[in-house]
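Each chain, letter by letter, is given below.
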Amino acid sequence: MSAGLEVVLRAERLSKSFGGLKAVQNVSFTHYAGEILAVIGPNGAGKTTLLNLLSGVYRPSSGRLELLGQDITHAPMERRCHAGLGRAFQVVRPFPEMTVLENVTVGALFGMPGTRLPEARERAYDLLERTGLADQADRAAHELTLLQDKRMEVARALATHPRVLLLDEVMAGLRPGEAAEAVELVRSVRDGGISVLFIEHIMPVVRDLADRVVVMDGGEVIATGSYREVTAHPQVVTAYLGTEEGLGA
Ligand SMILES: Nc1ncnc2c1ncn2[C@@H]1O[C@H](COP(=O)(O)OP(=O)(O)O)[C@@H](O)[C@H]1O
Ligand SMILES: [Mg+2]
């Protein structure tokens, strides 16, 4: 279906075990340039572990990972970041006492070695405007609301100049109106030329946002396709039966 498109991320039979537990098992997928790719699955399916393998928090027990044609299977986080991989964390807020602008400036300095401080601050300020946070620039990061906090996380990740942005449940805890704003933000990121891979359990968000969906259960990929295709897949329906999140509409 996507022949000829540039591949940004390619996972080949990635596995990760914790002791005897196979958290991620033989996971393969291809993420094409410009695509918004969702990873879904019931609690404990292995989604966060997969994201940690992609961003370099963990090394895989086996398998291979490519970013823009480079083998990054064993690359440290910093090299992945410099090679174009950005990640927004769900809860991490490393510099709560620093201002919002300073937090994003750190991202700009980290992502582009050799960037000078004034340049990094300017880029950070531009990103605060893009993410709707310009009026919060001088607040301490810990004073932000949850939605503002997620916007800051996205701004920090964007500050590192990613080609691919990884998002782990950035909509969690948002009210419906706020989630709609966050959906718009993710779309604008993609429209700016950045491919997005996101983990999400809110099904309407997945339906509205994802070009393609990878469904995991028990560490394995059980279906890949459009939202309509995967939600009609018998194995996916079974995986979600009786779970709290359900498959929704
Ligand atoms: N650091 C870890 N040590 C041991 N087990 C883990 C660790 N991280 C995750 N797991 C286990 O791996 C499985 C997948 O977890 P996770 O990737 O967090 O799933 P999801 O994000 O889909 O809810 C779960 O059984 C979880 O308990
Ligand atoms: Mg998780």
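What comes next is a walk through the structure. In this text the structure is predicted, and so the values were computed from the model without any measurement.

## Some remarks on the overall build of the chain
Here is step 1: The helix and strand inventory of the chain stands at nine helices and 10 strands.
Here is step 2: Over its C-alpha atoms the chain spans a radius of gyration of 18 Å, differing by no more than 12% from the 18 Å that the globule rule assigns to 249 residues.
Here is step 3: Overall, the C-alpha framework of the chain stretches about 55 × 40 × 40 Å when taken along its three principal axes.
Here is step 4: The buried share of the chain, reckoned over its 249 residues, is 52%.
Here is step 5: When contacts within the chain are restricted to residue pairs at least 6 apart in sequence, long-range pairs at least 24 apart make up 64% of them.
Here is step 6: Counting only carbon and sulfur atoms, one obtains 51% of the accessible surface of the chain, whose full area is about 11300 Å².
Here is step 7: A gap of 5 Å separates the mean positions of the 26 positive and 31 negative side-chain charges of the chain.

## A closer look at helix 1 (residues 47–55)
Here is step 1: Most of helix 1 sits out of view: eight of its nine residues are buried.
Here is step 2: Buried residues of helix 1: Lys 47, Thr 49, Leu 50, Leu 51, Asn 52, Leu 53, Leu 54 and Ser 55, and no others.
Here is step 3: Immediately downstream of helix 1, the backbone of Gly 56 shows phi near 95°, a positive value.

## Notes on the packing of aromatic side chains
Here is step 1: Inspection of the entire model under this criterion finds one aromatic pair.
Here is step 2: Centre to centre, the rings of Phe 18 and Tyr 58 are 5.3 Å apart; their planes meet at 75°, and the pair counts as edge-to-face. Residue Phe 18 is located in strand 1 (residues 7–18), and its partner Tyr 58 is located in the loop between helix 1 and strand 4 (62–67); the two are separated by 40 residues in the primary sequence.
Here is step 3: With relative accessibility at 36%, the residue Phe 18 sits in the partly exposed group.
Here is step 4: With relative accessibility at 27%, the residue Tyr 58 sits in the partly exposed group.

## Things to note about the site of ligand 1
Here is step 1: In the vicinity of ligand 1, the contacting residues are Phe 18, Leu 21, Ala 23, Pro 42, Asn 43, Gly 44, Ala 45, Gly 46, Lys 47, Thr 48, Thr 49 and Tyr 58.
Here is step 2: Interatomic distance of 3.3 Å between a side-chain N/O atom of Tyr 58 and a nitrogen atom of ligand 1.
Here is step 3: Compared with its free state, where it exposes 550 Å², ligand 1 has 60% of that area covered by protein.
Here is step 4: Put simply, the parts of the chain that give the shell around ligand 1 at least two residues each are strand 2 (21–32) and helix 1.
Here is step 5: With three residues, the top contributor of residues to the shell around ligand 1 is helix 1.
Here is step 6: Taken together, the residues of the shell around ligand 1 break down into six nonpolar, five polar and one charged.

## What about the sheet that holds strand 7 (residues 164–168)?
Adjacent strands of a sheet pair through backbone hydrogen bonds, lying either parallel or antiparallel.
Here is step 1: Here we have six strands laid out as an open sheet, ordered 6-7-8-3-9-10, and mixed in their pairing. The open sheet has two edge strands, strand 6 (85–88) and strand 10 (220–225), and neither has a second partner. Neighbour-to-neighbour, the strand axes of the sheet open up by a mean angle of 20°, direction not taken into account.
Here is step 2: The pairing of strand 6 with strand 7 spans four bridges and is parallel. Paired with Arg 87 across the two strands is Leu 166, which belongs to strand 7.
Here is step 3: The strands touched by helix 6 (residues 176–191) within the sheet are strand 3 (36–40), strand 7 and strand 8 (195–199), with strand 8 carrying the most contacts at an inclination of about 150°.

Procedures and definitions
Residues numbered from 1 in each chain as written. Chains lettered and ligands numbered in written order. Predicted model: local features only at pLDDT ≥ 70, side-chain atom pairs only at ≥ 80, totals over all residues. Heavy atoms only, no water. Helix = DSSP H or I, 4+ residues; strand = E, 2+ residues; numbered from the N terminus. Rg over C-alpha atoms; globule rule 2.2 N^0.38 Å. Buried < 20%, exposed > 50% of the residue type's maximum accessible area, 1.4 Å probe, protein only. Contact = heavy atoms within 4.5 Å. Areas by Shrake-Rupley, 256 points an atom, 1.4 Å probe, with all protein chains shown as cover. Lys, Arg positive; Asp, Glu negative; His and termini not counted. Charge placed at Lys NZ, Arg CZ, Asp CG, Glu CD. Phe/Tyr/Trp six-rings, centres within 6.5 Å; stacked < 30°, edge-to-face > 60°. Near = heavy atom within 4 Å. Polar contact = N/O pair within 3.5 Å; in protein donor to acceptor, adjacent residues only side chain to side chain. Nonpolar A, V, L, I, M, F, W, Y, C, P; charged D, E, K, R; others polar. Pairing = 2+ DSSP bridges. Axes fitted to C-alpha atoms, helices over the stretch in contact; angles between N-to-C directions.

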